Amino acid sequence: MHAHDSSSDSDHDDKDSSVKAKIFRLFGREKPVHKVFGGGKPADIFLWRNKKESGQVLGSVTAIYVLFELIGYHVLTLICHSLILVLAVLFLWSNASSFINKSPPNIPKVHIPEDTVKNIASAIRSEINHGLAILRDIASGRDLKKFLVVIAGLWILSILGSSCNFLTLFYILFVLLFTVPVLYEKYDDKVDAYAEKALHEIKKQYAVFDAKVLSKIPKGLTKDKKKA
């Protein structure tokens, strides 16, 4: 009886593990949201692990957006005014320190490491090459589905670009980055369930579109090329 119970328990555990493995996760996610964002300091900030730091970052970006977009400040003007203020404070502090019997400010030596610049440039170059390879693959006409997805994405971006400028679009994306992941992490089970239904419906509609439209597109040219 004891052996039978242990075997039934193991079978029950296997069934539970198989059920858990079949749970749909958005974008095929297999790790927690925190791990998806890298699991480091940026993930802590985006997911509000430290509310003070996250609030400071979001508040700083909001202040910059208000200065540039609403007040009409310009980037070069802001940099020059900031440098004027910092240099004036340090200059006055350095000269007044001997009169008020206080030590002069300790101005650190700041330099950008060469390895850091090379690594950043190499990462950017790799991403650009990857993007160009994807565009070349799409333009070659091998994957109609990917072509339609990219065209739809570019069309949506063109609409967003015509309705708002780049700075506003960047700020909207930044705010979404600070709100959507943390909400998804909190309600991931419900979101994944709705996303699974939506994805199933999209696949169903795409199958209908494929049967009525895509399947009727002549493919004689591609077949002739393959024979040649």
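All figures in this text were calculated on a predicted structure; none of them were measured in a lab.

Observations regarding the overall build of the protein
Of the regular secondary structure elements, the protein holds 10 helices and zero strands. Overall, the protein shows an N-to-C arrangement of helices and strands of α-α-α-α-α-α-α-α-α-α. For the protein, buried positions account for 12% of its 228 residues. In the protein, the share of contacts with a sequence separation of at least 24, taken over all contacts with a separation of at least 6, comes to 57%. Surface accessibility of the protein: about 18900 Å² in total, with carbon and sulfur atoms responsible for 67%.

Regarding the UniProt feature "transmembrane region" (unreviewed entry) in the protein
Under the local residue numbering, the UniProt record ascribes the feature "transmembrane region" (unreviewed entry) to residues 71-93 and 144-160. Between the end C-alpha atoms of residues 71-93 the distance is 31 Å, and the span holds 83% helix and 0% strand. Between the first and last C-alpha atoms of residues 144-160 the distance is 24 Å; the span itself is 100% helix and 0% strand.

Brief notes about the packing of aromatic side chains
Counted by the stated rule, this structure contains five aromatic pairs. Their ring planes at 5° and their centres at 4.4 Å tell us that Y65 and Y171 sit as a pair that is stacked. Here Y171 lies in helix α8 (residues 166-186) and Y65 lies in helix α4 (residues 51-70), a separation of 106 residues in the sequence. Its relative accessible area of 17% is what places Y171 among the buried residues.

Things to note about the packing of α4 against α8
Packing of α4 against α8 brings their axes to within 11 Å, and their N-to-C directions diverge by 165°. In terms of axis orientation, α4 runs roughly antiparallel to α8. The way α4 lies across α8 gives a crossing that is left-handed. Across the interface between the two elements, S54, V57, L58, V61, T62, Y65, F68 and E69 of α4 pack against L167, T168, Y171, F174, V175 and F178 of α8. Looking at the contact of α4 with α8, its residues break down into 10 nonpolar, three polar and one charged.

Rules used in this analysis
Residues numbered from 1 in each chain as written. Predicted model: local features only at pLDDT ≥ 70, side-chain atom pairs only at ≥ 80, totals over all residues. Heavy atoms only, no water. Helix = DSSP H or I, 4+ residues; strand = E, 2+ residues; numbered from the N terminus. Buried < 20%, exposed > 50% of the residue type's maximum accessible area, 1.4 Å probe, protein only. Contact = heavy atoms within 4.5 Å. Areas by Shrake-Rupley, 256 points an atom, 1.4 Å probe, with all protein chains shown as cover. UniProt positions renumbered as here; feature names shortened; annotations may be inferred. Phe/Tyr/Trp six-rings, centres within 6.5 Å; stacked < 30°, edge-to-face > 60°. Axes fitted to C-alpha atoms, helices over the stretch in contact; angles between N-to-C directions. Parallel < 35°, antiparallel > 145°, perpendicular 65-115°, else oblique. Left-handed = near helix turned anticlockwise from the far one by under 90°. Nonpolar A, V, L, I, M, F, W, Y, C, P; charged D, E, K, R; others polar.

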